[in-house]
Amino acid sequence: MLDLLVIGAGLAGLTAALRAAEAGLRVKVIAKGMGSLYWATGAIDLLGYVGVADRAVTSPWARMAELDAGHPYRRLGEARIRQALMWFQQSGAVQALGYTGAGEENVLTPSPAGAWRPTWLAPAGQRAGAANDARPMVIVGFQGMRDFYPHLIARNLSAQGQVVRAALLSWSMLSAQRDRNNAQLAELLDDVRTQQRLIDALKPVVKPGERVGLPAILGRYAHPQVLAALQAGLNTAVFEIPTLPPNVPGIRLATALRHALEARGVRVEIGMEAIGFHAAAGVIESVESATSARPLKHRANAFLLATGGVLGGGFNSDHTGHFWETVFDLPLTVPQDRRQWFRPGFLDPQGQPAFRGGVAVNDAFQPVDAAGKVVYANLWAAGGLLAHMDPILERSLEAVAIASAVAAVERIASVSVALPR
Amino acid sequence: MRRLTTDILVIGGGSTGTGVAWDAALRGFRVVLVEKRDLTHGTTGRYHGLLHSGGRYAVKDPQSAIECIEENRILRRTHTHCIEDTSGFFVVTPEDEGDFPDRFKAGCAKVGIPCEEVPVKAALRREPLLNPRISRVFEVPDGSADSFLAAHVTAQAAQQAGAQILTYHEVIGLLTEGSEGARRVSGARVRNMVSDEEVQIDAALTINASGAWAGKLAALADIPVRVIPGKGVMVAVNHRLVNTVINRCKMPADGDILVPVHTVAIIGTTDERVADPEMLSIEPWEVELMLAEGEKLVPGFSHARILRAWAGVRPLYQEGYAGDSRDATRALALLDHQQRDGVAGFLTITGGKWTTFRLMAEKTVDKACIQLGVERACRTADTPVPGVEQGHYWLGHRLHEVEEERLQGDLVCECELVTRTMLEQAAANNPTVTLDDLRRDVRLGMGPCQGGFCTFRAAGILQELRMQAPEALPASNGDGPVWEVGYMQSPRHNVQPKPAVLNTAHSPLEHPNLLLRDFLQERWRGVTPVLWGRQLKQERLDELIYLSVMNIDHLPPDEDASPLTDFWQFDTTPGAGRATRDEAPISNFQSPAKE
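Residues numbered from 1 in each chain as written. Chains lettered and ligands numbered in written order. Predicted model: local features only at pLDDT ≥ 70, side-chain atom pairs only at ≥ 80, totals over all residues.

A word on the overall build of chain A
When helices and strands are counted, chain A shows 11 helices and 15 strands. Computed over the C-alpha atoms, the radius of gyration of chain A is 22 Å, within 12% of the 22 Å expected from 2.2 N^0.38 for a compact globule of 421 residues. Over its C-alpha atoms, taken along the principal directions, chain A stretches across nearly 70 × 45 × 40 Å. The burial tally for chain A puts 55% of its 421 residues in the buried class. Sequence-distant contacts, at least 24 apart, represent 68% of the contacts inside chain A between residues at least 6 apart. (Helix = DSSP H or I, 4+ residues; strand = E, 2+ residues; numbered from the N terminus. Rg over C-alpha atoms; globule rule 2.2 N^0.38 Å. Buried ≥ 20, exposed ≤ 12 C-beta atoms within 10 Å, placed from the backbone. Contact = placed C-beta atoms within 7 Å.)

See below:
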């Protein structure tokens, strides 16, 4: 019998499982797909924008009081968020990726469009691209690469005062084949011969004193070595800029967490979409997942829902305005009227109301109904499905996932002895 | 002010206007066509794509039916590659009671539309998703048309015959001379929407082919023309539920046509009389109606993934008519303003439908010949436009060429199979001001992700092209590039292109952030009326990409506006705070709506 079944393999689900395993719980993860880490930048965003202000947040802690009272950060409080992020940063699981921050302030690193994006922890591969660095940049791409355009990045960074220029290398030095996605390109660079070709091609391009920005394809499995080899070969700082998704830094993070779970004997079962559940007297007994033959039952003492919001598949909706949570049909704070879901602008600074709603929880991160009553005694929730926030708009996606997952698991660990076995 | 002199000035770059320019140029007239935006930006680019056999009008409007079947046959020869030979079914659903099916069959026979009754079983084998409760099926030679491509190749044919095509040139005034009772229109003043330059065009004859805008245009010369703007809403689902055009066998009404077009199926339409041809907003009830009617043709329709909804405004015209727009005639209306209003040198062509655009052009230029006192025969019915040798469009055509040429690695739009060189050639060889122009050229951003991936790529590629462009390009004289659109849709044809040189002088193409914002906002406008389920998930991914990964809402500001900005700002989803043109200019990335 499991102590905890985690549903969802995104950042919230994976960190929850890792934290639970560390706490000695018997835990398993089931998920429909690979989780949305594959799309993300691989950086850990804490809080990038508040309200409709145009400026990026400098000190996230100072701005949290401005968030909605029900926001997960307001429930957690600064200390618990800091602890969770510290735990993540120091976790052996992600040690090789070298997450660092800038003390008490956000780090600004270049986006693939050439905007500065505010983040809290940047992986080592992205750290040398930070804005508070006087060195000029050269952004280097590859002719015909679909998901990375150095001229666009340079143009926009330059418009914001960065000394930067762009260059293109031939595609053929990476691969003889045109049809390669970002993850495949990264795997090609795991090979030292490809690394050497890249170093040789970069040498005549890079001017003394310049730091070098490259698409985030610097190694799929051997990323730290590739980064080190390039820095040594060019004798200057080298950094990655995320690409149009899929994003290799996000894939690396997912892979690192999966490996750490595997090493602890925690199973992550992908292709297991949760499609139903059994509950009695307000206690969930099992969750069912779809297989080709018949539904499979997963029993556990506690359940953590980390299926994400609309993007992760945690919510679905239809043309009648019905908007529902897909596993337990939990109460949602989303308006049940389509006319209230959207604003006229895709880029409206207030975001879209449909994406602000979600699963309301109490301070223990247990889903509650409109009256504030716990829905199921042994159900917790974490990550993108939580209500009272829009983590994509706020740029809080990753830290919300980590902090809420850790908080929920700590609660589960503390009460699990009391749960029926 | 620059001045041009021409025989015929055509106003409007839709199917009718390009058709008139083509016809007139083939007859040896000097022709200038002006369009205030991109070709097909108006109603032509907003229709469901049905090439009528005439069946729809066989009972109600036999004259229209005859015109349709005749033109259907001609367009299959002259615009072969713009047409998919889908064939069409008229199906009798349980809702369609009465004697209409027999009247339909008789009507088709009377006007010469080939019509064969197909056993229901055989019809369901061909279209397995059709409502199994249909009782009768008639097959007619309907087709599916690419109205974007057709207008562009028609414009290219016109240009090859000597016509000058000026897109992004808005008419700001008609030139009139003479006193009351003996007035004549002698051309127009137009403004280049990109450079702001004004041009005076002196013309022996001015033809108003501005469709639903014909009344507004004629008003510039104080001529009353009452167009009945009939708004039609269409909804596209993300794949071809059917491969045959499906019509309900009943009196034409709302939501009774389902057309397979390229990779999607489109249901249409409504018919609402609106006050202004720019009123393209979509009401929730209109979407619900399309879904409910779709269910009658294809059970489960309302659970299909809906990509987008949009509206077009029909340019219906009926002298003295005051009723409902659904019952207004679909026949063409050619107004000779000399006879009608005592104003010489000015014709208005409106009404009609896409299928009869060539005929409308023929009749108009016939009249022009009379007015100009010359006798020149129409040649369009026997003159193929560039690219017809490719044969009819077929669904697998792009995929086939991408696979044959191994172009998978060069796809910038995976949904619609657009290669990088297709995009580059379209940007360089067709007048391009916004990414929306490239959408009409190569279908960029029209698939399930609605621009999620290709918008960024297109902006990046255009920026690269711009950096590679020679420092000083020859000053544009406003005539624009040579159109090359016959093979625009072919990945193979663009494998070894000539170098693409982008002329971005004074163009929004200089402003990649503006291109990004405008196209994303424009795509959003068309998805919000139908955003739920999987398409909502897709849209949230687009948010993750453009907000979280790209942070494009915090890019340094570019120019405030392009011609596309004006469009998405003006017409937004109802109930969510309608923006108007009167509001103050907005900051670069913020929506005009204020709470």
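Let's talk about the overall build of chain B
Helix and strand content of chain B: 16 helices and 23 strands. The C-alpha atoms of chain B give a radius of gyration of 23 Å, which matches the 25 Å a tight globule of 595 residues would have. Taking the principal axes of the C-alpha coordinates as reference, chain B spans close to 65 × 65 × 50 Å. Residues counted as buried form 60% of the 595 residues belonging to chain B. For chain B, the share of sequence-separated contacts (at least 6 apart) that also reach a separation of at least 24 residues comes to 75%.

Section: the sheet that holds strand 4 (residues 83-84) of chain B
All names here are of chain B. As summarised here, the arrangement of the three strands in space is 3-8-4, forming an open sheet in which the pairing is antiparallel. With one partner strand each, in any of the chains shown, strand 3 (50-51) and strand 4 form the two edges of the open sheet. Here strand 4 runs beside strand 8 (residues 143-145); their pairing, made up of two bridges, is antiparallel. In the strand pairing of strand 8, isoleucine 83 is matched with alanine 145. (Pairing = 2+ DSSP bridges.)

Re the domain arrangement of chain B
Residues and elements named next belong to chain B. Here chain B is partitioned into domain 1 (2-43 + 148-227 + 329-382), domain 2 (82-143 + 230-314) and domain 3 (396-570). The distance between the C-alpha centroids of domain 1 and domain 2 comes to 32 Å. For the side of domain 1 that touches domain 2, the residue count by class is five nonpolar, one polar and no charged. (Domains from an automatic or database assignment. Nonpolar A, V, L, I, M, F, W, Y, C, P; charged D, E, K, R; others polar.)

Quick notes on the sheet that holds strand 5 (residues 137-142) of chain A
Residue and element names in this part refer to chain A. Pairing in this open sheet of four strands is parallel, and the strands run 6-5-7-8 from one edge to the other. The sheet is open, and its two borders are formed by strand 6 (164-169) and strand 8 (238-241), each paired with just one other strand. Neighbour-to-neighbour, the strand axes of the sheet open up by a mean angle of 30°, direction not taken into account. Sheet topology note: the strand 7 (residues 211-215)/strand 8 ladder contains four bridges and is parallel. Opposite proline 215, over in strand 8, you have isoleucine 241 as the bridge partner. (Axes fitted to C-alpha atoms, helices over the stretch in contact; angles between N-to-C directions.)

Comments concerning the interface of chain A and chain B
Listed per partner, the contact involves 48 residues of chain A and 53 residues of chain B. At the level of secondary structure, the elements contributing two or more residues to the side of chain A that touches chain B comprise helix 5 (150-159), strand 13 (315-317) and helix 10 (391-394) of chain A. Take the side of chain A that touches chain B: its biggest share by element is five residues, from helix 5 of chain A.

Let's talk about the nonpolar core
Within soluble globular proteins, side chains that are nonpolar tend to cluster in buried spots. Ile7(A), Leu304(A) and Ala21(B) are the most contacted members of the largest nonpolar core, which has 314 residues in total. No other element matches the 12 residues that helix 11 (residues 397-415) of chain A contributes to this core. Aside from chain neighbours lying at most four places away, what touches Ile7(A) is Ile30(A), Ala31(A), Ala274(A), Val287(A), Phe303(A), Leu304(A), Leu305(A), Ala306(A), Thr307(A) and Val327(A). (Core = buried A, V, L, I, M, F, W, Y, C linked by C-beta atoms within 7 Å.)

What to know about the domain arrangement of chain A
All names here are of chain A. Taken as a whole, chain A is organised into domain 1 (2-95 + 251-418) and domain 2 (98-243). Here domain 1 and domain 2 have C-alpha centroids that lie 31 Å from each other. Partitioned by chemical class, the residues of the side of domain 1 that touches domain 2 number nine nonpolar, six polar and three charged.

A look at the environment of Met193(B)
Residue and element names in this part refer to chain B. Its location among the elements puts methionine 193 in the loop between strand 11 (183-192) and strand 12 (198-208). A C-alpha to C-alpha distance of 44 Å links methionine 193 and phenylalanine 90, two positions 103 residues apart in sequence. Beyond its immediate sequence surroundings of up to four residues, methionine 193 is in contact with Lys36, Tyr168, His169, Glu170 and Pro563.

Some words on the packing of helix 11 (residues 420-429) of chain B against helix 12 (residues 435-442) of chain B
Residue and element names in this part refer to chain B. Two numbers describe how helix 11 lies on helix 12: the axes approach to 10 Å, and their chain directions differ by 115°. The handedness of the crossing between helix 11 and helix 12 comes out as right-handed. Where helix 11 abuts helix 12, its residues Met422, Leu423, Ala426 and Ala427 lie against Leu438, Asp441 and Val442. Its residues assigned to classes, the contact of helix 11 with helix 12 shows six nonpolar, no polar and one charged. (Left-handed = near helix turned anticlockwise from the far one by under 90°.)

Describing the environment of Ser179(B)
Residue position: Ser179(B) is located in the loop between strand 10 (169-177) and strand 11. Once the C-alpha coordinates of Ser179(B) and Val343(B) are considered, the two residues, 164 residues apart in sequence, prove to be 10.0 Å apart.

Things to note about the pairing of strand 12 (residues 296-305) of chain A
Residue and element names in this part refer to chain A. Pairing of strand 1 (residues 2-7) with strand 12, which is carried by five bridges, proceeds in the parallel orientation. Within the sheet, the bridge partner assigned to leucine 5 lies in strand 12 and is phenylalanine 303. Across four bridges, strand 11 (residues 283-289) lies against strand 12 in antiparallel orientation. When the bridges of strand 12 are listed, glutamate 288 appears paired with lysine 297. The turn joining strand 11 and strand 12, which pair antiparallel and follow one another in sequence, is formed by six residues.

Quick look at helix 11 of chain A
The terminal C-alpha atoms of helix 11 of chain A lie 27 Å apart, and with 19 residues this matches the ideal 27 Å at 1.5 Å per residue to within 8%. Among the 19 residues in helix 11 of chain A, 14 count as buried, and that is most of the element. (Expected span 1.5 Å × (residues − 1).)

Observations regarding the packing of helix 1 (residues 15-26) of chain B against helix 5 (residues 147-160) of chain B
Residue and element names in this part refer to chain B. Packing of helix 1 against helix 5 brings their axes to within 8 Å, and their N-to-C directions diverge by 25°. If you check the angle between helix 1 and helix 5, you find them roughly parallel. Considering only the axes of helix 1 and helix 5, their crossing is left-handed. On the side of helix 1, the interface is formed by Ser15, Thr18, Gly19, Ala21, Trp22 and Ala25, while helix 5 contributes Ser147, Ala150, Ala151, Thr154, Ala155, Ala157 and Ala158. Tallied by class, the residues present in the contact of helix 1 with helix 5 amount to eight nonpolar, five polar and no charged. (Parallel < 35°, antiparallel > 145°, perpendicular 65-115°, else oblique.)

Topic: the confidence of the model for chain B
For any part of a model where pLDDT is low, the fine detail of the predicted coordinates should not be relied upon. Residue and element names in this part refer to chain B. The share of residues in chain B with pLDDT of 70 or more is 93%, and the mean pLDDT across the chain is 90. Below a pLDDT of 50 lies the segment residues 472-478, which in the model reaches eight contacts outside its immediate sequence neighbourhood of four places, other chains included. Note that pLDDT drops below 50 for residues 571-595; the model gives that stretch 55 contacts with residues more than four away or on any other chain. Interface confidence for the predicted complex, expressed as ipTM, amounts to 0.97; the pTM equals 0.94. (pLDDT = per-residue confidence, 0-100.)

What to know about the pairing of strand 15 (residues 257-261) of chain B
Residue and element names in this part refer to chain B. Counting buried positions along strand 15 yields five of five residues, so the element is predominantly enclosed. Side chains Ile257, Val259 and Val261 project from strand 15 onto one buried face, and the interleaved Leu258 and Pro260 project onto a second face that is buried too. Summarising the sheet, strand 14 (residues 245-248) and strand 15 pair through two bridges and their orientation is antiparallel. Within strand 15, the residue paired with asparagine 247 across the bridge is isoleucine 257. Two strands pair when backbone bridges link them, and strand 15 and strand 16 (residues 264-268) are joined in this way by five bridges, in the antiparallel orientation. Bridging from a neighbouring strand, valine 259 pairs with isoleucine 266 of strand 16. The turn linking strand 15 back onto strand 16 is made up of two residues, and histidine 262 within it adopts a positive phi angle of 50°.

Structural notes on helix 6 (residues 182-189) of chain A
All names here are of chain A. All of the buried residues along helix 6 are Asn182, Leu185, Ala186 and Leu189. End-on view of helix 6: buried residues confined to an arc of 100°, all on one side of the axis. In this structure, the buried residues of helix 6 make contact with helix 7 (192-202), helix 8 (223-234) and helix 9 (248-263). (Arc of directions from axis to C-beta.)

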